[in-house]
Amino acid sequence: FVWSQQATNALSMLPAGVGLPFNDVMHTNKEVVAKASESTNKVSSTTEVARDSTKVDDIEEKKTAKSKIDEVLRAKEGTKQKKVKTVRTTKYRTLEIVPCLKLEPPLPPRCEESETSKQTQLPQFVELVNFPQARYFNNCVMCDDNEFTIPKQNKGVCNNCDTSIWVVSGSGLQVKWCKGCKNFRKWYEFGAKGHSSKCECCRTQQAARYAQAKKEKAQKETLAKTNPIGTDDATA
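Residues numbered from 1 in each chain as written. Predicted model: local features only at pLDDT ≥ 70, side-chain atom pairs only at ≥ 80, totals over all residues. Heavy atoms only, no water.

Colleague: Could you give me a rundown of the overall build of the chain, with the residues and numbers involved?
Modeller: Within the chain, the secondary structure is distributed over six helices and six strands. Counting from the amino terminus, helix and strand elements in the chain follow one another as α-α-β-β-β-α-α-β-β-β-α-α. Taking all 236 residues of the chain together, 23% fall into the buried category. Here the contacts in the chain between residues at least 6 apart in sequence split such that 43% fall between residues at least 24 apart. Accessible surface computed for the chain: about 17,500 Å², of which carbon and sulfur atoms make up 56%. (Helix = DSSP H or I, 4+ residues; strand = E, 2+ residues; numbered from the N terminus. Buried < 20%, exposed > 50% of the residue type's maximum accessible area, 1.4 Å probe, protein only. Contact = heavy atoms within 4.5 Å. Areas by Shrake-Rupley, 256 points an atom, 1.4 Å probe, with all protein chains shown as cover.)

Colleague: Describe in detail the environment of Asn 139, supporting the description with residues and values.
Modeller: Note on placement: Asn 139 falls in the loop between helix H4 (125-128) and strand S4 (165-168). Accessibility expressed as a relative area gives 16% for Asn 139, which makes it buried. Taking the C-alpha atoms as reference, Asn 139 lies 9.4 Å from Thr 149; in sequence the two are 10 residues apart. Once you skip the residues sitting within four places of it in the chain, Asn 139 turns out to touch Ala 134, Asp 144, Asp 145, Asn 146, Ile 150 and Gly 156.

Colleague: An account of the nonpolar core is needed here, citing residue identities and associated values.
Modeller: Nonpolar side chains tend toward joint burial in soluble globular proteins. Core analysis: the biggest nonpolar cluster contains 18 residues, and Met 142, Val 157, Cys 161, Trp 166 and Phe 184 have the highest contact counts within it. Contributing elements (two or more residues each) for this core: H4, S4 and strand S5 (174-178). Ignoring sequence-local partners within four residues, the contact set of Trp 166 consists of Val 84, Cys 100, Leu 101, Lys 102, Asn 130, Met 142, Cys 161, Leu 173, Gln 174, Val 175 and Phe 184. (Core = buried A, V, L, I, M, F, W, Y, C linked by side-chain atoms within 4.5 Å.)

As structure tokens, this is what we get:
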């Protein structure tokens, strides 16, 4: 069988694979599919790497923004703190240094636990207050002023002083007021949230109470759905 020139020209104009034997066509198709899947995998892997790098960049940006926000908040907290008196008059009309002094800004975000702070005993409340007689004049027992509100449950400590970090004279122990304990606690006991209004123990107890209340509420809602009001009357 002799091919004519026209037939040869016609076959040369056909797409790749057309006019070839079946096995050759299948082999060609497999090569095309393999190359296409390989290129697709390369594109998908490149896309995944780009997404991962974008996620890492977003996380780093968020961390940087959060650290800047924390610095601004600590700076504002430091400017809000009022200067307190460092000496007081005793009943013998002599001057002495107050038991607690405010920690000067810039304030760190938290206090790291150390063996010294763990072994140092926390003094009693009456031993920590700077001006015990001030509450009889409606003044704060720590700063001896009435500029800020003094909550009834704060034992005479005003709203400005209950957010401050105090350094006990002599021992250097750092303490902070806890609204849960209604007393001064060692600062490291506030954990990662060093400027929280409650210590870590009180926050854990509060979270447990909240979870228990949420669980009881869900149980009541489930019971109300399974036993709606009026079901007993209808069955009777």
